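Residue-level structural notes
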Amino acid sequence: MGEVDGHALAKIVVATPRDLGVGSPKDLSLTDHVQRVGDYDAEYYGLTLQENP
């Protein structure tokens, strides 16, 4: 609870797709629905990143 650490949040937003093997930000779009990551459905409440087809 409390203030959001913007720097830490930005690091997570960048590191997560990179760790999943996304090569470039051009391969991503913002979306507001569930996406499939490997064998799992990743359900985020609010905006999330999705790989472009």
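Residues numbered from 1 in each chain as written. Predicted model: local features only at pLDDT ≥ 70, side-chain atom pairs only at ≥ 80, totals over all residues. Heavy atoms only, no water.

1. A closer look at the overall build of the protein chain
Scanning the protein chain for helices and strands turns up one helix and four strands. Counting from the amino terminus, the protein chain carries its helices and strands in the arrangement α-β-β-β-β. Within the protein chain, buried positions represent 13% of all 53 residues. Relative to all contacts within the protein chain whose residues are 6 or more apart in sequence, the contacts with residues 24 or more apart total 18%. For the protein chain, the accessible surface area stands at approximately 4,700 Å², while carbon and sulfur atoms represent 56% of it. (Helix = DSSP H or I, 4+ residues; strand = E, 2+ residues; numbered from the N terminus. Buried < 20%, exposed > 50% of the residue type's maximum accessible area, 1.4 Å probe, protein only. Contact = heavy atoms within 4.5 Å. Areas by Shrake-Rupley, 256 points an atom, 1.4 Å probe, with all protein chains shown as cover.)

2. What about the environment of glycine 38?
Tracing the sequence through the fold places glycine 38 in the loop between strand S2 (35-37) and strand S3 (40-42). By relative accessible area, glycine 38 is classed as exposed at 62%. Distance from glycine 38 to leucine 20, taken between C-alpha atoms, is 9.2 Å for residues 18 residues apart in sequence.

3. Digging into helix H1 (residues 6-19)
Counted at 1.5 Å a residue, the expected span for H1 with its 14 residues is 20 Å, and the 20 Å between its end C-alpha atoms agrees. Of the residues one or two after H1, glycine 21 is the one with positive phi, at around 90°. (Expected span 1.5 Å × (residues − 1).)

4. A short note on the confidence of the model for the protein chain
Predicted confidence across the protein chain gives a mean pLDDT of 77, with 72% of residues reaching 70 or more. Strand S4 (residues 48-51) is the least confidently modelled element of the protein chain, averaging 67 in pLDDT, while H1 averages 85, the highest of any element. (pLDDT = per-residue confidence, 0-100.)

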